Amino acid sequence: MNAFSRRGACPALSAPMQTGDGLLVRLNPVAGGLSPKSLIGLCESALRHGNGIMEVTARGSLQIRGLTAASARLLAAEVDALGIEVRSGVPVEIGPLAGIDPQEIADPLPLAERVRMAIEEAGLTQRLGPKVSVIVDGGGQLAMDELMADVRLAAVQATAGVQWSVSVAGDGRTAKLLATVDADTARDITVAALRMIAEKGREAHTRDLSRRQLGSLASWHSVTPPSVLPDISPARGEIGNSAGGSALAPPAIGESRDERAISPLAGEMSGRTEGGAQERQPSKSPIGIFDLAITHALGIGLPFGSMPAEKLIELTRQALVFGATEIRLASGRALLFLGLSPSACPALQASAATLGFVTSATDPRTRIAACPGTPACSSGRIATRAIAETIAKESADLLDASLTLHISGCAKGCAHPGSTALTLVGDEKGAGLVVDGTAKALPAGYRPGYDAARGVAGIAEAVREQRHPGETAAACLTRLGAAGLAELYRRN
């Protein structure tokens, strides 16, 4: 650990990333979850070596903040002593209930492991950028439709049995569907797509592939092991069909703006199925109670993805008393406590609520993305979490399912790199309001950081008064317009 990873990289245990409040490491247990005692041990280690803040990310990774170069090494040694094996390499992600959900279409674990092995055999780990990812989604109660991925394999029930839809460059709604195939072919297409990305460089993603390359992937029906797939042509970057040795003409998979790359947002083919496959049910929040046939799982959220280690220790100790056997990380900044009886779930929920955790999927805090801000982060210019808490209490009706509010301590936008309907961003002028943009955009209006929540309250009041029957908050904001929202924010 003689060098810190650059921003935008994945801060693994062996490569911590420098942030405004010290070094940050991100952990993904190989086993998919942690025993309660292991989680308590991790929290105690974070208290000793970091700033005591535990985080669960939007993609379901565990983060420990506030480390130094020396303390990060001590933390790594203690993680090893706890017997926690953490995953490395290209992320191949599965759902938090994978393998134990009675409602899943197929167990994604075997295919995910085969994809991981094929990536390693093909020597792609060092050639791909740190943000390249694969999702293998078996469906069920906690599908992974909300997460973006370069390649996503989703189980579908077809007339021929379970098949896997292969899509690229998007989430469950926007990704471009290439084919619906068996598990072997899905693995081969995945590795072929990653080879094409690697040929374009470490900054590349599947959105950068040409229509011809995507057509080649869509027509791929190889049974050749991925470790001996033909390599990529430096000139064209296509893989030939195993029968003919050359790429077939691309199917009509949608146009891109520049005729060379596929847009991750167009998504005109997303949702289509082939071969009698049935549509999957939309994903739901990980916060709540889930039936696992014999036992139950309870999903509990961390407000804004963050909680002091002491409170997480207390919750985990109570979960042990109630019979929890395992804790899994879930996308959406949540933890799933497994092995609970029906009567234990509401009791643990009540304990979590008392400690300040999120126990309801409709909690307005789930609609706010907020980085640590001041005073936790030296880069922050506004107290993001305090502002978020006030808005969640005083302007909850603004935060319906159509809208995400982003509150960023600075223009980096660490908590939510994408665009949101409303973004508050701190800079030398105070708390700026960005409408339908990211934290990097030029704010439409300002007010003092300590008073930002009152500015949002003014917007919420206008939405309350001018909203049409059945209209979403996001649609009402669009109708009010950026200039009108900026004026409402600046008032008083």
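Refer to the structure printed above.
Along each chain, numbering runs from 1 in the same order as the chain's sequence is written. Given that the model is predicted, a residue must reach a pLDDT of at least 70 before its local features are reported, and side-chain atom pairs must reach 80 or more before they are shown or counted; all residues, however, enter totals for whole chains, interfaces and linings. Side-chain figures throughout are based on the complete set of non-hydrogen atoms in the structure, without hydrogens or water.

S.K.: For this particular structure, what's the right way to read the overall build of the chain?
M.R.: The helix and strand tally for the chain stands at ten helices and 20 strands. Once local pairs closer than 6 in sequence are excluded, the contacts in the chain between residues at least 24 apart make up 63%. Surface exposure of the chain reaches about 20500 Å², of which carbon and sulfur atoms provide 53%. Helical segments are the DSSP runs of H or I of at least four residues, strand segments are the runs of E of at least two, and each set is numbered from the N terminus. Contacts are assigned to residue pairs with any non-hydrogen atoms lying within 4.5 Å of each other. Working definition of accessibility: Shrake-Rupley area with a 1.4 Å probe, residue cover restricted to the visible protein chains.

S.K.: Looking at this structure, how should I read the pattern of salt bridges?
M.R.: Pairs may arise between side chains of opposite charge once their charged atoms sit close together. Here, a salt bridge means any Lys or Arg side-chain nitrogen found within 4 Å of an Asp or Glu carboxyl oxygen. The tally for this structure, following the rule as stated, stands at 18 salt bridges. For Glu78, the salt bridge goes to Arg48, with nearest N and O atoms at 2.8 Å. Pair noted here: Glu78 is in helix α2 (residues 69–81) and Arg48 is in helix α1 (residues 36–49), with a separation of 30 residues, a long-range link. Using a 1.4 Å probe on the protein chains alone, a residue whose accessible area is under 20% of its type maximum counts as buried, one over 50% counts as exposed, and one in between counts as partly exposed. Judged by relative accessible area, which is 51%, Arg48 ranks as exposed.

S.K.: How should unusual backbone geometry be read in this particular structure?
M.R.: Outside of glycine, negative phi angles account for most residues, and trans bonds account for most peptide bonds. Cis geometry marks the peptide bond from Thr374 to Pro375, where omega comes out at 0 degrees. The residue Pro375 is located in the loop between β16 (368–370) and α8 (384–394) in this model. Even without being a glycine, Ala293 presents a positive backbone phi close to 80 degrees. Following the sequence through the fold, Ala293 ends up in the loop between β11 (288–292) and β12 (295–301). In this structure, Phe304 is a non-glycine residue whose phi angle is positive, near 60 degrees. Residue classification places Phe304 among the buried residues on the basis of a relative accessible area of 7%.

S.K.: When you look at the packing of helix α6 (residues 309–321) against helix α7 (residues 344–355) in this model, what are you seeing that I'm missing?
M.R.: Each pair of packed helices can be described by the angle between their axes along with the distance between the axes. Axis geometry follows a simple rule: fit a line to the C-alpha atoms, using only the stretch in contact for helices, then measure angles between N-to-C directions, giving values from 0 to 180 degrees. In the contact formed by α6 and α7, the axes pass within 10 Å of each other and the chain directions differ by 165 degrees. One finds that α6 runs roughly antiparallel with respect to α7. Seen from above, α6 lies across α7 with right-handed handedness. Judged by residue contacts, Lys311, Glu314, Leu315, Gln318 and Ala319 of α6 engage Leu348, Ser351, Ala352 and Leu355 from α7. Under the scheme applied here, ten amino acids are nonpolar (Ala, Val, Leu, Ile, Met, Phe, Trp, Tyr, Cys and Pro), four are charged (Asp, Glu, Lys and Arg), and all others, including Gly, are polar. In the contact of α6 with α7, the residues fall into five nonpolar, two polar and two charged. Oblique is the label for any angle not under 35 degrees, not over 145, and not in the 65 to 115 range, which are roughly parallel, roughly antiparallel and roughly perpendicular in turn. Less than a right angle of anticlockwise turn of the near helix away from the far helix marks a crossing as left-handed, whereas a clockwise turn marks it as right-handed.

S.K.: What should I look at first to understand the environment of Gly33 in this one?
M.R.: Among the secondary structure elements, Gly33 is positioned in strand β3 (residues 33–34). We classify Gly33 as buried; its relative accessible area is 12%. For the pair Gly33 and Arg328, spaced 295 residues apart in sequence, the C-alpha separation works out to 4.1 Å.

S.K.: How should I be thinking about the sheet that holds strand β7 (residues 134–137) in this particular structure?
M.R.: Through backbone hydrogen bonds, the strands of a sheet pair up, either in parallel or in antiparallel fashion. One bridge is not enough; two strands pair if DSSP finds at least two bridges between them. Here five strands make up an open sheet; going across it, the order is β6-β7-β8-β9-β10 and the pairing mixed. Every other strand in the sheet has two partners, leaving β6 (92–93) and β10 (176–181) as the edge strands with one partner each.

S.K.: Quick question: what am I supposed to make of the sheet that holds strand β20 (residues 445–447) here?
M.R.: Spatially, the five strands line up as an open sheet ordered β16-β17-β18-β19-β20, and their pairing is mixed. The sheet is open, and its two borders are formed by β16 and β20, each paired with just one other strand. Going across the sheet, the axis of each strand differs from the next one's by a mean of 20 degrees, ignoring polarity.

S.K.: So what exactly am I meant to see when it comes to the packing of aromatic side chains here?
M.R.: What describes a pair of aromatic rings is the distance from one ring centre to the other and the angle between the planes of the rings. Note on ring pairs: Phe, Tyr and Trp rings are taken, using the six-membered ring of Trp, and paired if centres are within 6.5 Å. Classes follow the plane angle, with under 30 degrees stacked, over 60 edge-to-face and the rest tilted. Under the definition given, this model contains zero aromatic pairs. Directly above the ring of Tyr489 sits Arg447, whose terminal nitrogen or CZ lies 5.9 Å from the centroid. Distance and angle both matter: a charge sits over a ring if NZ of Lys or CZ of Arg is within 6 Å of the ring centre and within 35 degrees of the ring normal.

S.K.: I tried to follow the nonpolar core on my own but got confused; where do I start?
M.R.: Note that soluble globular proteins tend to have their nonpolar side chains buried in a common cluster. Among buried residues, the Ala, Val, Leu, Ile, Met, Phe, Trp, Tyr and Cys ones that are joined through side-chain atoms within 4.5 Å form a nonpolar core. In terms of nonpolar packing, the biggest core is built from 40 residues, with Leu62, Ile64, Phe337 and Phe357 touching the most fellow members. Leaving out residues up to four positions away in the same chain, Leu62 has contacts with Val25, Arg26, Leu27, Leu34, Leu39, Leu42, Met54, Glu55, Val56 and Leu329. Within the second largest apolar cluster, 39 residues are counted, among which are Ala122, Leu124, Ala169 and Met196.

S.K.: It is not clear to me how the pairing of strand β19 (residues 430–437) should be interpreted in this structure. Could you clarify?
M.R.: It is a general feature of regular strands that their side chains alternate between the two faces of the sheet. Summarising burial for β19: six of the eight residues are buried, a large majority. Here strand β18 (residues 420–427) folds back onto β19, and the loop between the two strands holds two residues. Pairing of β19 with β20, which is carried by three bridges, proceeds in the antiparallel orientation. Looking at β20, one finds that Ala431 is bridged to Arg447.

S.K.: Would you mind showing me how to read the pairing of β11 here?
M.R.: Inspection of the sheet shows β11 paired to β12 by five bridges, in the antiparallel sense. Across the sheet, the residue bridging to Ile289 is Leu298, located in β12. Linking two consecutive strands that pair antiparallel, namely β11 and β12, is a turn of two residues; a positive phi of about 80 degrees is found at Ala293 within it.

S.K.: How should the environment of Gly380 be read in this particular structure?
M.R.: Mapping Gly380 onto the fold places it in the loop between β16 and α8. Residue Gly380 is classed as buried on the basis of its relative accessible area of 12%.

Shape is all these values report; function is a separate question.
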